[in-house]
Amino acid sequence: MASLPSSSSSSAVWKTDVFVSFRGEDVRKTFVSHLFCEFDRMGINAFRDDLDLQRGKSISPELIDAIKGSRFAIVVVSRNYAASSWCLDELLKIMECKDTISQTILPIFYEVDPSDVRRQRGSFGEDVESHSDKEKVRKWKEALKKLAAISGEDSRNWRDESKLIKKIVRDISDKLVLTSRDDSKVYDVYRGQGCSNGGDLGNGWSWENYDC
């Protein structure tokens, strides 16, 4: 459902509820597989990338569109996440969407210390530094630092992974309900303005196709 015009997401058109950024070799067949199953069970529309999609040196336009079109982004930071330039480029786009269209981000630190992510210490920091494009490395390090400052979940604090997954999905579901209510309020406001202004909302928006 396309979003209505608002101050926080005037250029956003939400095509899916959630985009999940993750390192496939670490968590695709385990944590993320179970996460997607729970999304399905709760009726949440989560973007799934094509397993046969050719992975090049930069993320595809299709994935960029998928990130921009998702209301929420979950970033599953695992041991080998920073070794993938693809994952780090996804993260850059996600952080950009946070700033430009108010996309909500939920970091999941999966078997990694959030402080290692924030400070790029140990093997995690070595993976970041291993990439040859030093300008991108600088941007990736800044994005990781900002990501680690966002309140998220640390899998090491959970003895039962299934409970962690259920909490993540429940939190997303609750936020979707709240944002849907906010959209409804915006709809009511703009609908009223449209009726009083002959259907013209300004900025190219019109309610002429709605029954006032």
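Residues numbered from 1 in each chain as written. Predicted model: local features only at pLDDT ≥ 70, side-chain atom pairs only at ≥ 80, totals over all residues. Heavy atoms only, no water.

1. A short note on the overall build of the protein chain
A count of helical and extended segments in the protein chain gives eight helices and six strands. Each helix (α) and strand (β) of the protein chain, taken in turn from the N terminus, gives the series β-α-α-α-β-α-β-α-α-α-β-α-β-β. Split into buried and exposed, the 212 residues of the protein chain put 44% on the buried side. Partitioning the contacts of the protein chain with sequence separation of at least 6, the portion at a separation of at least 24 is 74%. Surface summary for the protein chain: the accessible area is close to 11800 Å², and the carbon and sulfur share equals 46%. (Helix = DSSP H or I, 4+ residues; strand = E, 2+ residues; numbered from the N terminus. Buried < 20%, exposed > 50% of the residue type's maximum accessible area, 1.4 Å probe, protein only. Contact = heavy atoms within 4.5 Å. Areas by Shrake-Rupley, 256 points an atom, 1.4 Å probe, with all protein chains shown as cover.)

2. Comments concerning helix 3 (residues 61-68)
Of the residues making up helix 3, those classed as buried are L63, A66 and I67. The arc that holds the buried residues of helix 3, viewed along the axis, is 100°, so those residues lie on one side. Residues of helix 3 that are exposed and point over 90 degrees away from its buried face: P61 and E62. (Arc of directions from axis to C-beta.)

3. A look at the side chain of D154
With respect to the element layout, D154 can be found in strand 4 (residues 153-154). There is a polar contact of 2.8 Å between the side chain of D154 and the side chain of R156. Non-local contacts of D154, meaning those with residues more than four positions away in its chain, are made with F109, V112 and P114. (Polar contact = N/O pair within 3.5 Å; in protein donor to acceptor, adjacent residues only side chain to side chain.)

4. Topic: the nonpolar core
Counting residues in hydrophobic clusters, the biggest one holds 32 residues, and the most contacted among them are V75, V77, L91 and V117. Sort the elements by how many residues they give to this core and helix 4 (residues 85-101) lands first, with eight residues. Once you skip the residues sitting within four places of it in the chain, V77 turns out to touch I108, F109, Y110, V112, V117, F124 and L147. By size, the runner-up hydrophobic cluster in this structure holds 23 residues, among which are V20, F22, V27 and I108. (Core = buried A, V, L, I, M, F, W, Y, C linked by side-chain atoms within 4.5 Å.)

5. Some points on helix 4
Taking 1.5 Å as the rise per residue, helix 4 with 17 residues should run 24 Å; its terminal C-alpha atoms sit 24 Å apart, in good agreement. Along its buried surface, helix 4 packs onto strand 1 (16-21), helix 3, strand 2 (70-77), strand 3 (104-109) and helix 7 (134-148). (Expected span 1.5 Å × (residues − 1).)

6. What to know about the sheet that holds strand 4
A sheet is described by the order of its strands in space; here four strands give the open sequence 1-2-3-4, paired in parallel fashion. A strand with exactly one partner marks an edge of an open sheet, and here the two such strands are strand 1 and strand 4. Relative to strand 4, strand 3 runs parallel, the two being bridged by two bridges. Bridge assignment links F109 to a residue of strand 4, and that residue is D154. Along the sheet face, helix 3 touches strand 1 and strand 2 and points at about 125° away from the line of strand 1. (Pairing = 2+ DSSP bridges. Axes fitted to C-alpha atoms, helices over the stretch in contact; angles between N-to-C directions.)

7. Here we look at the packing of helix 3 against helix 4
Helix 4 packs onto helix 3 with a crossing angle of 40° between their chain directions and a minimal axis gap of 9 Å. Seen along the crossing, helix 3 lies across helix 4 with a hand that is right-handed. Residue-level contacts link L63, I64, I67 and K68 of helix 3 to W86, E90, K93, I94, C97 and I101 of helix 4. (Left-handed = near helix turned anticlockwise from the far one by under 90°.)

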